[in-house]
Amino acid sequence: RTGARLSIVSNISSGGMAYPAEEILRDGLMLNQDEIFTVKERMAELCINVCKTLDRYGINYGMLGLDIGIDDKKRLWIIEINNRYPHPAIAMRANEMDSYYTVLSYPLRYAKWLAGF
């Protein structure tokens, strides 16, 4: 998401807009394809590490929503972690329907993993 002009929040309800991550990184931060790939890999690694850390402490969620910010030096920042069934509708708003349907299946995949399958 991106925030409304001059806003400090990116909430859709506050005028923010949803875009595919690649588009924001390319157009907003002027990153090239290699940089975009690297940033997306770092974002995925950060999210996985957060989930693994929560699992190690016995905190099991079927789905998490991680709000990650990126600054002009390409540093990643965790803004918040939503654990009360975050809805994947943001993917629909960004016209990422494959992601939307994939995310919908994650609670079942996670339950399958917890059960040892």
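Only a predicted model underlies this, so the values are computations on that prediction, with no experimental measurement involved.

A. How the structure looks around the pattern of salt bridges. Per the stated rule, a full pass over the model turns up five salt bridges. For arginine 26, the salt bridge identified is with aspartate 27, shortest N-O distance 2.9 Å.

B. Molecular detail of a nonpolar patch on the surface. Together, Tyr85, Met92, Met97, Tyr101 and Leu104 line one region of the surface with nonpolar side chains, adding up to about 480 Å² of accessible area. Sort the elements by how many residues they give to the nonpolar patch and helix 4 (residues 97-114) lands first, with three residues.

C. Representation of the packing of aromatic side chains. Applying the stated rule across the entire model yields two aromatic pairs. Geometrically, the ring pair formed by tyrosine 110 and tryptophan 113 is stacked, given 5.8 Å between the ring centres and 20° between the ring planes. In this pair, tyrosine 110 and tryptophan 113 both sit in helix 4, three residues apart, roughly one turn of the helix. Tyrosine 110 sits in the buried class, given a relative accessible area of 16%.

D. Highlighting the pairing of strand 1 (residues 65-70). Relative to strand 2 (residues 76-82), strand 1 runs antiparallel, the two being bridged by six bridges. Pairing of leucine 66 across the sheet is with isoleucine 81, part of strand 2. In textbook terms, the turn of a hairpin is the stretch between consecutive antiparallel strands, and for strand 1 and strand 2 this stretch comprises five residues, one of which, lysine 74, has a positive phi near 65°.

E. A look at helix 2 (residues 33-56). For helix 2, which comprises 24 residues, the first-to-last C-alpha distance of 34 Å matches the rise-based estimate of 34 Å (1.5 Å per residue) to within 8%. Next to the buried residues of helix 2 lie helix 1 (21-28), strand 1 and strand 2. Of the residues that open helix 2, the one with a side-chain oxygen 3.0 Å from the backbone nitrogen of aspartate 34 is asparagine 32. Of the residues one or two after helix 2, glycine 58 is the one with positive phi, at around 80°.

F. Representation of the nonpolar core within the structure. Residues Leu25, Leu31, Ile36, Val39 and Leu76 constitute the largest nonpolar core, which totals five residues. Sequence-distant contacts of leucine 25, that is, excluding residues within four places in its chain, are made with Met30, Leu31, Ile36, Val39, Lys40 and Ile70.

Reading the values: rules and limits
Residues numbered from 1 in each chain as written. Predicted model: local features only at pLDDT ≥ 70, side-chain atom pairs only at ≥ 80, totals over all residues. Heavy atoms only, no water. Salt bridge = Lys/Arg side-chain N within 4 Å of Asp/Glu carboxyl O. Patch = residues over 30% accessible without salt bridge, like charges linked within 9 Å, V, L, I, M, F, W, Y side chains within 5 Å. Areas by Shrake-Rupley, 256 points an atom, 1.4 Å probe, with all protein chains shown as cover. Helix = DSSP H or I, 4+ residues; strand = E, 2+ residues; numbered from the N terminus. Phe/Tyr/Trp six-rings, centres within 6.5 Å; stacked < 30°, edge-to-face > 60°. Buried < 20%, exposed > 50% of the residue type's maximum accessible area, 1.4 Å probe, protein only. Pairing = 2+ DSSP bridges. Expected span 1.5 Å × (residues − 1). Contact = heavy atoms within 4.5 Å. Polar contact = N/O pair within 3.5 Å; in protein donor to acceptor, adjacent residues only side chain to side chain. Core = buried A, V, L, I, M, F, W, Y, C linked by side-chain atoms within 4.5 Å.

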